[in-house]
Structure formats: structure tokens, C-alpha cells
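Structural overview
Chain residues, written in single-letter form:
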Amino acid sequence: MIPAARIQAAIGILDRILAGDPAEAALLRWSRGSRYAGSGDRAAVRDLVFDSLRRRSSRAALGGALSGRGLMIGMCREEGLALETVFTGEGHAPALLSEEEHAAGREPHAQEALDLPEWLWPQWQEALGPHAEGMALALRERAPVWLRVNPKKSDPATAIAALAAEGVQASIVPAIATALLVEEGARRISASSAYRDGLVELQDLSPQLACAALPATGSVLDYCAGGGGKALAMAARGAGPVSAHDVDAARMADLPERARRAGAKIRLLKPRGIAGRFDLVMTDVPCSGSGTWRRTPDAKWRLQEADLDRLCALQAAILTEAAETVAEGGVLAYMTCSVLTRENSAQIGAFLARDARFTLETEQGYGPEAGFAAGSDGFYLAVLRRR
Ligand SMILES: C[S@@+](CC[C@H](N)C(=O)[O-])C[C@H]1O[C@@H](n2cnc3c(N)ncnc32)[C@H](O)[C@@H]1O
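Worth saying up front: this structure is predicted, and the values here are computed from it rather than measured.

Quick word on the UniProt feature "active site" (unreviewed entry) in the protein chain
As recorded in UniProt, the feature "active site" (unreviewed entry) lies at Cys337. By the element assignment, Cys337 lies in the loop between strand E9 (326-336) and helix H18 (345-354). For Cys337, a relative accessible area of 22% corresponds to the partly exposed category. Dropping the residues within four chain positions of it, Cys337 is found in contact with Cys287, Gly289, Ser290, Gly291, Thr292, Gly378 and Phe379.

So this is what it looks like as C-alpha cells:
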């Protein structure tokens with residue numbers, strides 16, 4: 001595909017997303033109907049779509065319309081691409097620009113330039129204070145790829161060498177010994193033997209830091225396990241036995257294979273089938289995902305106040321349920337990939353006010369704006385101890 005044809009493909013996909021399709025579904029649909037597109041084309045179209053979703057309001061202002069064409073015109077103006085070389089109307093390139101399209105477009109105003117839903121800004125400022133703008137701007141950029149070295153199978157130097165032999169360049173970071181920052185070849189990771197043999201797992205820096213801050217002695221329950229990333233991280237640190245639970249068992253479908261690859265033993269519990277008490281219970285609760293919007297930028301624009309109300313109620317219910325599974329003297333670890341106060345410290349404050357058995361030991365926010373966790377997604381951890 002020529003570059004202009006990729007832009008035309010992105011226009012169609014963005015129009016579907018703006019009409020309500022989830023971004024991944026719209027990309028998959030295009031991919032299935034475009035057998036002529038090679039892997040380079042698919043990656044380039046994906047980048048065009050995701051970059052524009054990350055910068056939706058600023059590019060719509062620059063392009064003069066919140067539409068696929070408006071966003072791609074805005075992208076060309078932002079990146080200094082001559083519109084007449086892209087919008088040629090020839091072959092598979094986008095149609096020529098109309099008079100109105102030529103005339104439309106302006107510099108984004110201050111709020112649009114942050115590319116954050118306007119209604120959310122007051123809460124964003126309240127939560128992040130002096131880091132509010134920096135965090136919003138960080139979410140306009142692509143997210144780095146992080147790996148966690150599995151100490152059961154490898155060490156950082158060996159993992160780096162094994163990855164390099166298969167075209168993946170990665171380096172260590174000062175924040176934590178097990179994390180590798182991928183610098184090149186991220187698309188080759190899942191096919192590499194380092195990944196398939198369990199030397200490394202894909203995991204963002206912030207959950208790695210959060211899991212490293214938890215006690216790794218005794219029994220662990222990953223209460224909202226999903227794909228099981230945190231259960232695997234705790235098993236890798238030597239905690240055990242480790243059990244995984246999710247109200248939707250299908251979310252844990254890949255966990256046995258991931259555990260096999262990692263050489264870890266994880267017991268899968270049936271929904272609501274938890275017996276006994278655990279030394280550590282992790283609740284990585286459903287949340288707005290506001291800390292990870294670089295990776296899921298369509299979610300940034302989909303979130304409504306009513307969704308936050310619903311999510312906060314669910315988080316409170318999960319905390320109440322999970323509290324009953326914590327052994328006396330044990331730890332309840334509450335985690336979100338959100339930066340919003342409502343989902344984080346306010347949620348924990350309300351829980352502590354209604355359950356006097358627990359006290360707060362530590363609470364920590366992670367994110368690209370937090371120096372020691374530079375490059376990580378936004379994340380929150382509260383460590384509560386049961387009497
Ligand atoms: C943020 S995701 C967890 C991601 C996971 N920890 C990981 O590392 O991949 C939240 C999970 O909570 C689950 N969930 C929702 N309500 C629940 C409940 N009442 N009890 C347990 N799990 C629940 C969802 O099915 C979802 O898989």
C-alpha cells in the first residue's frame with residue numbers, strides 16, 4: 001500500500017470508531033477485508049488510527065472536523081505533510097480536499113491541546129495537581145513496551161542476550177531489577193523463544209513495581225485475576241501457594257498456558273468458589289483505565305461520568321467481598337490502572353471508614369510523571385493490613 005492508501009484506510013476505520021465501534025474490532029474488520037495489506041501496512045494503519053485517537057481533540061481542531069478525514073487532515077497539518085500529496089483522489093488515495101475542508105481547521109485551544117475529555121479535567125486536576133498537564137500530554141504519546149524477567153527461568157543479562165539474538169533490543173532500568181524496556185523489535189516478542197520459553201513476560205513497569213512492593217511470603221489470592229499477570233508476578237517472586245479467581249472465568253483462559261511457560265504453579269478457582277483465607281489478597285479491580293489510555297485511547301473518549309459511578313460502586317463491592325478472604329494479620333492489596341482520586345484514595349478512605357479491621361500501611365501512585373516510575377502507565381496501589 002502507498003502511504004496515501006494507508007491514510008485512506010485509517011479514515012474508514014476512524015469513521016467506524018467514531019460511529020461507536022470499539023477500536024480493536026474496527027481494525028480487525030478492516031484487516032479481514034484487506035487481504036492485500038501486508039504486515040507493514042497493518043502496523044502502519046494501526047499506528048495512524050491509534051495516534052489520532054490519542055490526539056483526537058487537537059487533530060479534529062487542526063483538521064476542521066471530528067471525522068476520519070478531519071483527523072487525517074489534522075495529522076497531516078500537525079506533521080507538516082503536504083495535503084495535496086496525500087489527498088490526490090488517485091487510485092486508493094483519499095479524495096481531493098473540498099473548498100470547505102481547505103478553509104476549515106484552526107490551532108487547538110488550550111483544553112483541546114491536552115486531548116482529554118473536557119468534563120474530566122476538574123477531576124484530573126484534583127487528582128494530579130501540578131502533574132495534571134504532564135500526565136495528559138504523556139497520554140498523547142505511544143506507550144513503551146515493558147517485559148518482566150522471570151527469575152525462575154532467567155536473569156536480566158541472559159534474557160537481554162536471548163532477545164537480542166532474535167532481533168529484540170531491550171535494556172535494564174534503575175527502577176527495578178526485573179524490568180526490561182524494549183527499544184526495538186517489540187513486534188517480534190511473542191514469536192521469540194525467550195518469550196515462548198518463559199524467560200520474559202509482557203508486563204508494564206507499574207504493576208511490576210506494585211507487585212514488588214507486596215509481601216511474597218505465604219499464600220496469595222489474585223481476586224480479580226483476568227489474564228493473571230499479577231498472580232504470575234507474585235509466583236515468580238517465590239510466593240505460594242498462588243490462587244487465581246475471577247468472576248468471569250473465561251478471562252483466565254490463557255493463564256494455565258502462561259503459568260506453564262513461566263514454570264509457575266497457579267491454582268485456578270471457580271467463580272465465587274473461594275475457600276479459606278489468604279496471607280495476601282490482590283484486588284486489581286475493574287476501573288476507568290485512565291492511567292493506560294495511551295494503550296487504549298478510544299476508552300478515553302468513551303468514558304462518561306455514569307461509567308465512573310458504576311465502576312466506583314463495583315470497586316467498593318469487590319473490596320467488601322475480598323476483605324472476607326484475608327487472613328488475620330494478612331494484607332489486602334487494592335490496585336487500579338487509574339489516576340483518579342475517586343477510584344483510588346477516596347475509594348480506600350471509604351473502605352477504611354466502614355471496615356475497622358483494616359489499616360492503611362502504604363499507598364502509592366505510579367505514572368510517567370512520577371520520577372522513579374518514568375515511562376510506566378498510571379497505576380495505584382494501596383496496601384491494607386487486617387488486624
Ligand atoms: C482490571 S481487570 C484485572 C486484570 C488482571 N489482574 C491482569 O493482570 O491481567 C479486572 C478483572 O476483575 C474481574 N471482576 C469484575 N468483578 C469482579 C468480582 N466481583 N469479583 C472478582 N472479579 C471481578 C473482571 O472480570 C476483570 O477480569
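With respect to the sheet that holds strand E7 (residues 266-268)
With mixed pairing, the seven strands of this open sheet are ordered in space as E7-E6-E5-E8-E9-E11-E10. Each of the sheet's edge strands pairs with one partner strand only, and the pair in question is E7 and strand E10 (358-366). Along the sheet, successive strands turn relative to each other by an average axial angle of 20°, direction set aside. For strand E8 (residues 278-284) and E9, the ladder comprises six bridges, and the chain directions are parallel. Bridge pairing in E9 links Thr283 to Tyr334.

Section: the UniProt feature "binding site: S-adenosyl-L-methionine" (unreviewed entry) in the protein chain
As annotated in UniProt, the feature "binding site: S-adenosyl-L-methionine" (unreviewed entry) corresponds to Asp246 and Asp284 in the numbering used here. Annotated residues spanning 39 residues; largest pairwise C-alpha distance 10.4 Å, indicating a single compact cluster. Within the fold, Asp246 resides in the loop between strand E6 (242-244) and helix H15 (255-262). Exposure remark for Asp246: the relative accessible area of 9% places this residue in the buried category. Beyond its immediate stretch of four places on either side in the chain, Asp246 contacts Tyr223, Cys224, Ala225, Gly226, Arg251, Met252 and Pro271. There is a polar contact of 2.9 Å between the side chain of Asp246 and the backbone nitrogen of Gly226. By relative accessible area, Asp284 is classed as buried at 18%.

Concerning the site of the ligand
For the ligand, the set of nearby residues contains 18 residues, the closest of which are Cys224, Ala225, Lys230, Asp246 and Asp284. Here an oxygen atom of the ligand and a backbone polar atom of Gly227 are 3.4 Å apart. Interatomic distance of 2.6 Å between a side-chain N/O atom of Asp246 and an oxygen atom of the ligand. Counting only elements with at least two residues in the shell around the ligand, the list comes to helix H14 (229-236) and helix H17 (305-323). When grouped by side-chain class, the residues that make up the shell around the ligand number seven nonpolar, five polar and six charged.

Section: the packing of helix H2 (residues 23-32) against helix H3 (residues 39-54)
At a closest axis distance of 11 Å, the pairing of H2 and H3 adopts a crossing angle of 150°. It follows from the interaxial angle that H2 and H3 lie roughly antiparallel. Handedness of the crossing formed by H2 with H3: right-handed. Judged by residue contacts, Ala23, Glu24, Leu27, Trp30 and Ser31 of H2 engage Arg42, Val45, Arg46, Val49, Phe50 and Leu53 from H3. Class assignment for the residues of the contact of H2 with H3 results in seven nonpolar, one polar and three charged.

Some points on the nonpolar core
Across soluble globular proteins, you tend to see nonpolar side chains buried next to one another. With 35 residues, the main nonpolar core has Leu214, Met234, Ile266, Leu280, Met282 and Leu381 as its most contacted residues. In terms of residues, this core owes the most to one element, H14, which gives five residues. When near neighbours in sequence (up to four residues on either side) are disregarded, Leu381 contacts Ala210, Ala213, Leu214, Ala333, Tyr334, Met335, Thr362, Glu363, Gln364 and Tyr366. In terms of nonpolar packing, the next biggest core, distinct from the first, is built from 29 residues, Ile13, Leu27, Ile73 and Cys76 among them.

What counts, and at which threshold
Residues numbered from 1 in each chain as written. Predicted model: local features only at pLDDT ≥ 70, side-chain atom pairs only at ≥ 80, totals over all residues. Heavy atoms only, no water. UniProt positions renumbered as here; feature names shortened; annotations may be inferred. Helix = DSSP H or I, 4+ residues; strand = E, 2+ residues; numbered from the N terminus. Buried < 20%, exposed > 50% of the residue type's maximum accessible area, 1.4 Å probe, protein only. Contact = heavy atoms within 4.5 Å. Pairing = 2+ DSSP bridges. Axes fitted to C-alpha atoms, helices over the stretch in contact; angles between N-to-C directions. Polar contact = N/O pair within 3.5 Å; in protein donor to acceptor, adjacent residues only side chain to side chain. Near = heavy atom within 4 Å. Nonpolar A, V, L, I, M, F, W, Y, C, P; charged D, E, K, R; others polar. Parallel < 35°, antiparallel > 145°, perpendicular 65-115°, else oblique. Left-handed = near helix turned anticlockwise from the far one by under 90°. Core = buried A, V, L, I, M, F, W, Y, C linked by side-chain atoms within 4.5 Å.

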